[in-house]
Amino acid sequence: MFTNRYVRTIILSRVFLQLGVWIRNFAVLLYVTDITNNDPKYVSLISVVEFAPIFLFAIIGGTFADRWKPKRTMVWSDFLSAISVLVVLLALVMGEWYALLIGTLISASLSQFSQPSAMKLYKKHVASDKLQSVMALSQSLIGIFTIIGPIIGVFIFMQFGIQVSLLLTFLFFLTSAIILSFLPRDTDEANAQNTGSFMTEMKAGISYVWSNRSLRTLGATFAASGLAAGMIQPLMIFITIENLGQDKSFMQWFLMTNGAAMLIGGAFIMTVAKKVKPQVLLAVGLLVSAICTIAVGASKILLLSFALQALSGLFYPCIQVGIQTLLMKNTEAAYMGRVGGAITPIFMGMMVVGMSISGYLKDMSSLLTVYVLSGCLLLVGAWLLMPIMKEKQARVQSF
C-alpha cells in the first residue's frame, strides 16, 4: 500500500491532522471546564461545535467532492483550518475565550470537505483489490489516535497550557496542508456526470434512501443510536469525576482502554465478518453497547468501569462493520456518495441533539438516568433492525 504515492501522502498528512485535532479537542475541553467550574452545559456545547458540522456539511461536502478538484480542496481545507486556529489563539490572548468554540466549529466544518476528497482520490488511484486494505489502514489510524490522542492532548495542556496547545494545533494543521501539496497535480476533468444542480442531486439521494426499505430501517436505527451516543458523549468527564472520584485528566485512560479494545475487536471482526450477516453484527454491537452504557452509568468501581470500557470497545467494530456492509449491499454504486451523505447526517444530527440536551438532562435528573436512557435507545436501535433480519431470513428460506 505504501508504494502508492497517494496512500503514502494522505496517510502521513492524516497523522499530523489527527495530532492537531486531539490536542485541540482536549485543550478546549479542559480549558473550558477550568474557567466554567465544570459546567455541564458548556461541556455539552463543546461537543456540539465539534460534531454539528458533520450533520450540516456531510452531504454538501460529499457532493462538492465530485465537483471540485480533490487535491486543491484538501490543501485549502487544512490550510484554512490552520488559519482559523491562529485567529482563535490571537482572540484568546485578548481575553475572548468564546472564540475557542467558534474556531472549533470552523475547523470541523472544513474537514467535511476534505474527507470526501480523500475518498475520491483513493477510489481513483488505488486498485480495487487494495481499497479495503486502505480503508482498514485509515480506520486503524483513527484507532491508534483514540489510544494515544487523549494522552498527548492532556499532557500538552497540563504541561504548557492552552496557548501552546493551540500553537501546536496550528503547526500540525499547516504541516498536513504542506504534505498534501506534494500530491500530483489535479487532472482537468470534464464534470460530465454532474449534469444536475446541487439541489437536484441531493433530492435524488434522499428519494433513493426513502424508496429503499433497508436504507429506511438503517436510517431509523441511526437516529436512535445517534441520539443515544450524543446523550453520553459529553458526560464521560463526569463519570470520571463524580462516579469514580478521579481527576478529570484521568478520563484519558478510559479513552485509551476503549481505543485499544477497538483495535483488538476490529482485528477479530475482520476475520469473521464474511461468516456473520452484517445485520446480526450490527444488532449484537448495539445490544452489547446498550448493556455496557447502562453499567458504566451505574458503576462506582474503578476496575469494573475499565472492564466495561474494554468490552464496549471490543464490540464497537461490530457496529462499524455492520453499518458499512449494509450500506454497500443495499446501495447502487451510482448513489453511494449521496446515500452516505444522506444517512450520515441522520446519525450526526440526532447525536448533536443528544449532546445539546445531555447537560440539561443531567441537571434535571442524574448522571445514571441519562446513561440508562442512552442504553434504552440503543436497545430500540437494535429492535428496529428486526425487519431487515426477518427479510433476509425469509429470502434465504425461499431458495
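Residues numbered from 1 in each chain as written. Predicted model: local features only at pLDDT ≥ 70, side-chain atom pairs only at ≥ 80, totals over all residues. Heavy atoms only, no water.

**Q** Which residues make up the overall build of the chain, and what are the values?
**A** Helix and strand counts for the chain stand at 14 helices and 0 strands. Along its sequence from the N terminus, the chain presents helices and strands in the succession α-α-α-α-α-α-α-α-α-α-α-α-α-α. The contacts in the chain between residues at least 6 apart in sequence include a share of 87% that link residues at least 24 apart. When the accessible surface of the chain is split by element, carbon and sulfur atoms take 68% of a total near 18800 Å². (Helix = DSSP H or I, 4+ residues; strand = E, 2+ residues; numbered from the N terminus. Contact = heavy atoms within 4.5 Å. Areas by Shrake-Rupley, 256 points an atom, 1.4 Å probe, with all protein chains shown as cover.)

**Q** So, the packing of aromatic side chains: which residues are in play, and what are the values?
**A** Overall, the coordinates contain 6 aromatic pairs when judged by the stated rule. Plain terms: the ring middles of Phe 250 and Phe 306 are 5.9 Å apart, the flat faces sit at 75° to each other, and that makes the pair edge-to-face. Here Phe 250 is found in the loop between helix H8 (236–243) and helix H9 (251–272), whereas its partner Phe 306 is found in helix H11 (residues 302–329), with 56 residues between them in sequence. With a centroid separation of 4.7 Å and an interplanar angle of 20°, the aromatic rings of Phe 254 and Phe 306 are classed as stacked. Separated by 52 residues along the polypeptide, Phe 254 in helix H9 and Phe 306 in helix H11 bring together distant segments of the chain. Cluster of aromatic residues (ring-pair linked, three or more members): Phe 250, Phe 254 and Phe 306. Directly above the aromatic system of Trp 210 lies the positively charged group of Arg 216, at a separation of 5.6 Å from the ring centroid. Directly above the ring of Phe 238 sits Lys 362, whose terminal nitrogen or CZ lies 4.8 Å from the centroid. (Phe/Tyr/Trp six-rings, centres within 6.5 Å; stacked < 30°, edge-to-face > 60°. Lys NZ or Arg CZ within 6 Å of the ring centre and 35° of its normal.)

**Q** So what's going on with helix H1 (residues 5–35)? Residues and values would help.
**A** Between its first and last C-alpha, H1 extends 45 Å over 31 residues, near the 45 Å set by a 1.5 Å rise per residue. Summarising burial for H1: 22 of the 31 residues are buried, a large majority. Here H1 starts with a cap whose side-chain oxygen sits 2.8 Å from the backbone nitrogen of Tyr 6, and that cap is Asn 4. After H1 finishes, the residue Asn 37 shows a positive phi value of roughly 60°. (Expected span 1.5 Å × (residues − 1). Buried < 20%, exposed > 50% of the residue type's maximum accessible area, 1.4 Å probe, protein only. Polar contact = N/O pair within 3.5 Å; in protein donor to acceptor, adjacent residues only side chain to side chain.)

**Q** Explain the nonpolar core residue by residue, including any values.
**A** Counting 53 residues, the largest nonpolar core has Tyr 31, Leu 92, Leu 100, Ile 162, Leu 166, Ile 239 and Tyr 371 as the members making the most contacts within it. Each residue touching Leu 92, except ones within four places of it in the same chain, is listed here: Tyr 31, Trp 97, Leu 100, Ile 162 and Leu 166. (Core = buried A, V, L, I, M, F, W, Y, C linked by side-chain atoms within 4.5 Å.)

**Q** Talk me through the side chain of Ser 374; I want residue IDs and the actual numbers.
**A** With respect to the helices and strands, the residue Ser 374 is situated in helix H13 (residues 367–384). At 2.7 Å, the side chain of Ser 374 forms a polar contact with the backbone oxygen of Ala 228. Ignoring any residue separated from it by four or fewer positions in sequence, one finds Ser 374 in contact with Ala 228, Ala 229, Met 231, Ile 232 and Thr 293.

**Q** Please set out the environment of Asn 25 residue by residue, giving values where relevant.
**A** Here Asn 25 lies in helix H1. As a C-alpha pair, Asn 25 and Thr 169 span 144 residues in sequence and 9.7 Å in three-dimensional space.

**Q** Residues and numbers for the pattern of salt bridges, please.
**A** Taken as a whole and assessed by the stated rule, the structure comprises 2 salt bridges. The closest approach of N and O atoms between Arg 14 and Asp 78, which form a salt bridge, is 3.1 Å. You can see Arg 14 sitting in helix H1 and its partner Asp 78 sitting in helix H3 (residues 70–93), a full 64 residues away along the chain. Asp 78 shares its class with Arg 14; the two are buried. Glu 242 serves as the salt-bridge partner of Lys 362, at 2.9 Å between the closest nitrogen and oxygen. Of this pair, Lys 362 sits in helix H12 (residues 336–364) while Glu 242 sits in helix H8, placing them 120 residues apart in sequence. Assessed through its relative accessible area of 12%, Lys 362 is described here as buried. Overall, Glu 242 belongs to the partly exposed group, its relative accessible area being 44%. (Salt bridge = Lys/Arg side-chain N within 4 Å of Asp/Glu carboxyl O.)

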